[in-house]
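# Topology and contacts: notes
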Amino acid sequence: MDDATKVFTQISAFLEYLGPECAATIANVTPQGELDHSPKFPFLCSRHYADLIKKATEPEALLREILPHVAERENVAGFVDDPVGDLPAGKADCVIQKYDRRALIVSTATCGARCRFCFRKNYPFQNIPDVARQVGNWLDTHSDIWEVILSGGDTLMLGPGEFRDLVEAIAMHGSVTTLRIHTRLPIMRPDVAMQHFELLRELPARFDCVLTAHVDHPDELDEESQMVFGQLKYSGWTLLNQSVLLKGINDSAETLEKLSRKLFTQGVLPYYLHQLDHANGVAHFEVSDENARALIEEIRKRLPGYLVPKLVREIAGEKSKTPV
């Protein structure tokens, strides 16, 4: 199967693939006139995620993550293009540094899907032809950096050669002892994640390796995500998860409890539960701080402490995540 058959860029083709059995669910998520067929932030969904929707126990939740809604066009006070201060923290074309002695690499603009609540949906991504060289040059003059975080987009959407070149450029700098990857590919494009496994298996011998997945709902986890996480864990990776608290998707104690327990069965520990970043076009997903704290208090009663994520938000200019 070629790559073009594994993704949907047209909403009509995506809806056709879901079939008539999903029609009522789609109508509940985007009633007539509320589905945005020409969104500013273009539609993209993987076939794998569409299959997750088709077999989900709560398909509405997954559809809300991926279907453009006309509410994205609303201008809401306090919601801005750069809600977490990425641009002021830019140190080079692809390097962001907000925290002492750590650096984040925006390695690509490409994702496995386009989540409607994305905090970088308005980020001015650039087509950087040689990310590895630029990162290597920057690290040459920043010998205090001990952790490099690979993000994007999704860094695992790089081709195997590009990804290896980037890792090798980082490995040339002995100060970097920890390599962290942020990714949604285990649930969006596990086929692409598997293309990198020859290198991913090698890396724990060279770095302390952390993979932070982004899973928001238990229905996003299946046998394929379990295979990806299982191989990473066996290879020596530390596996964490960060979720975003999203209205109509995971804003119930039952869903959050199921998510934490299902993550644990796949070898992943809940890490952060983020309050929504205030990017333009995402206000309809917001859950109040009061309700967020009540949810955490409830799941704290249901779960052992190691399965309760930290409720946080990112505030532009701050030197760490801020507890809510």
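This text follows the structure it describes.
Everything in this summary refers to the structure shown in the same document. (Residues numbered from 1 in each chain as written. Predicted model: local features only at pLDDT ≥ 70, side-chain atom pairs only at ≥ 80, totals over all residues. Heavy atoms only, no water.)

## With respect to the overall build of the chain
What the chain contains, in helices and strands, is 12 helices and 12 strands. Since a compact globule built from 324 residues should have a radius of gyration of about 20 Å, the 19 Å found for the chain is in line with a globular shape. Counting only C-alpha atoms, the chain reaches 55 × 45 × 40 Å along its principal axes. Every one of the 324 residues in the chain was classed for burial, and the buried ones make up 53%. Partitioning the contacts of the chain with sequence separation of at least 6, the portion at a separation of at least 24 is 83%. (Helix = DSSP H or I, 4+ residues; strand = E, 2+ residues; numbered from the N terminus. Rg over C-alpha atoms; globule rule 2.2 N^0.38 Å. Buried < 20%, exposed > 50% of the residue type's maximum accessible area, 1.4 Å probe, protein only. Contact = heavy atoms within 4.5 Å.)

## Describing the sheet that holds strand 11 (residues 310-313)
Overall, mixed pairing links the 10 strands, which are arranged 3-4-5-6-7-8-9-10-11-12 in an open sheet. Each edge of the open sheet is held by one strand with a lone partner, namely strand 3 (90-92) and strand 12 (322-323). The pairing of strand 10 (residues 269-274) with strand 11 spans 3 bridges and is parallel. Considered in strand 11, the bridge of H274 is made with V312. Packed on one face of the sheet, helix 6 (residues 160-171) meets strand 6 (147-151) and strand 7 (178-183) and runs near 165 degrees to strand 6. (Pairing = 2+ DSSP bridges. Axes fitted to C-alpha atoms, helices over the stretch in contact; angles between N-to-C directions.)

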